[in-house]
Amino acid sequence: MLLLVGLGNPGAKYARNRHNIGFMAVDEIARRHGFSPWRRRFQGETSEGTLDSERVILLKPETFMNESGRSVQAAASFFKLGVGDVTVFQDELELPPCKLRVKVGGGIAGHNGLRSISAHIGNEYRRVRLGIGHPGVKELVHGHVLSDFAKADMPWVEALCDAVADNAGLLIGRRDSTFANKVHLALQAKGFLDKGDVGAA
């Protein structure tokens, strides 16, 4: 069994925020693969289903971003999962919009959701980093992540979430570089990334 965690803040006020792209990604996985209806538990919402013949729990913490680790720890403990069984979908300032990277462990780059998760379960979980771009100066970061995607952004946001959901089975099989490259190629094919861009592995 694997736990796939989307990061975001709960409530309609935040639903379209850049900070909530993790929620958007796991919502699309649940929809695309016919997962169970979302239900409240572990200080969040969960949905269950199967990917690549393996049972998967999707989790959206409702603790607000800065306390995400409480919800992740509660779910991981209940299902007796180790840190290596957890994958987190997060917004990533250091990647251009529409880009994706996958890595295990590493720094948290000031991301409060990751900081909380690392404090509660350890640092060696897998992160699917979903690029939202950087506003250019540090002082604008808070407002950038907590503001909505522009209407013009929504086509690439939806295409990115679609590609993540389409290829999520590769993550379950721990084929991280193949997953990242498939997502990259899908976005290239839709015209959101230049042909000359380096692959997303």
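Bear in mind that the values here come from a model prediction, so they are computed numbers and not experimental data.

1. Description of the UniProt feature "active site" (unreviewed entry) in the protein chain
Then comes step 1: Under the feature "active site" (unreviewed entry), the UniProt entry names His 19.
Then comes step 2: Among the structural elements, His 19 can be located in the loop between strand S1 (2-6) and helix H1 (21-32).
Then comes step 3: Apart from the residues lying within four places of it in its own chain, the contact partners of His 19 are Leu 7, Gly 8, Asn 9, Met 65, Asp 91, His 111, Val 145 and Leu 146.

2. Side note on the sheet that holds strand S3 (residues 44-51)
Then comes step 1: Read across the open sheet, the 7 strands follow the order S2-S3-S4-S1-S5-S7-S6; overall the sheet is mixed. If you trace the sheet from one side to the other, it starts and ends with strand S2 (39-41) and strand S6 (100-104), each paired once. With strand direction ignored, the average angle separating the axes of adjacent strands in the sheet is 30°.
Then comes step 2: Note: S1 against strand S4 (residues 54-61), 4 bridges, orientation parallel. Bridge pairing links Val 5 to Leu 59 in S4.
Then comes step 3: Along the sheet face, helix H2 (residues 68-78) touches S1, S2, S3, S4 and strand S5 (86-92) and points at about 155° away from the line of S4.
Then comes step 4: Helix-sheet contacts for helix H5 (residues 154-166) involve S5, S6 and strand S7 (126-131), and the interaxial angle to S7 is about 155°.

3. Focus: the nonpolar core
Then comes step 1: Counting residues in each nonpolar core, the largest one holds 41 residues, and the members touching the most others are Phe 89 and Leu 100.
Then comes step 2: Broken down by element, this core gets its largest block of residues, 9 residues, from H5.
Then comes step 3: If you look at the next biggest cluster of nonpolar residues, it comprises 17 residues, including Leu 3, Val 5, Leu 7 and Val 72.

4. Looking at the packing of aromatic side chains
Then comes step 1: Taken as a whole and assessed by the stated rule, the structure comprises 5 aromatic pairs.
Then comes step 2: Taking 5.7 Å as the distance between ring centres and 70° as the angle between the ring planes, the aromatic pair formed by Phe 42 and Phe 79 counts as edge-to-face. Taken together, the positions of Phe 42 in the loop between S2 and S3 and Phe 79 in the loop between H2 and S5 put the pair 37 residues apart, joining distant regions of the chain.
Then comes step 3: Measuring from ring centre to ring centre gives 4.9 Å for Phe 78 and Phe 79, while their planes differ by 90°; the resulting arrangement is edge-to-face.

5. Let's talk about the pairing of S5
Then comes step 1: Where burial is concerned, most of S5 is hidden: 7 out of the 7 residues are buried.
Then comes step 2: Where burial is concerned, the two faces of S5 agree: the one with Val 86, Val 88, Gln 90 and Glu 92 and the one with Thr 87, Phe 89 and Asp 91 are both buried.
Then comes step 3: As paired strands, S1 and S5 are joined by 4 bridges and run parallel to one another. Its bridge partner being in S5, Val 5 is matched across the sheet by Val 88.
Then comes step 4: Bridge count for S5 against S7 is 6 bridges, and the pairing is parallel. Paired with Phe 89 across the strands is Val 128, a residue of S7.

6. Overview of helix H7 (residues 176-189)
Then comes step 1: When the terminal C-alpha atoms of H7 are compared, their 20 Å separation across 14 residues agrees well with the 20 Å that a helix rising 1.5 Å per residue should span.
Then comes step 2: Looking at H7, one finds that the buried residues are Asp 176, Phe 179, Ala 180, Val 183, His 184, Leu 187 and Gln 188.
Then comes step 3: Here the buried face of H7 lies against S6, S7, H5 and helix H6 (168-172).
Then comes step 4: In the stretch just after H7, Gly 191 is the one whose phi turns positive, near 85°.

7. Some remarks on the packing of H5 against H7
Packed helices, taken two at a time, are described by their axes: the angle between them and the distance between them.
Then comes step 1: As a packed pair, H5 and H7 sit with axes 9 Å apart at the nearest point and diverge in direction by 140°. By the angle between their axes, H5 is oblique relative to H7. Regarding H5 and H7, the two cross each other, and that crossing is right-handed. Each of Ala 159, Leu 160, Ala 163 and Val 164 in H5 lies in contact with H7, whose residues at this interface are Phe 179, Val 183, Ala 186 and Leu 187.
Then comes step 2: The residue inventory of the contact of H5 with H7, partitioned by class, reads 8 nonpolar, no polar and no charged.

Conventions we followed
- Residues numbered from 1 in each chain as written.
- Predicted model: local features only at pLDDT ≥ 70, side-chain atom pairs only at ≥ 80, totals over all residues.
- Heavy atoms only, no water.
- UniProt positions renumbered as here; feature names shortened; annotations may be inferred.
- Helix = DSSP H or I, 4+ residues; strand = E, 2+ residues; numbered from the N terminus.
- Contact = heavy atoms within 4.5 Å.
- Pairing = 2+ DSSP bridges.
- Axes fitted to C-alpha atoms, helices over the stretch in contact; angles between N-to-C directions.
- Core = buried A, V, L, I, M, F, W, Y, C linked by side-chain atoms within 4.5 Å.
- Buried < 20%, exposed > 50% of the residue type's maximum accessible area, 1.4 Å probe, protein only.
- Phe/Tyr/Trp six-rings, centres within 6.5 Å; stacked < 30°, edge-to-face > 60°.
- Expected span 1.5 Å × (residues − 1).
- Parallel < 35°, antiparallel > 145°, perpendicular 65-115°, else oblique.
- Left-handed = near helix turned anticlockwise from the far one by under 90°.
- Nonpolar A, V, L, I, M, F, W, Y, C, P; charged D, E, K, R; others polar.

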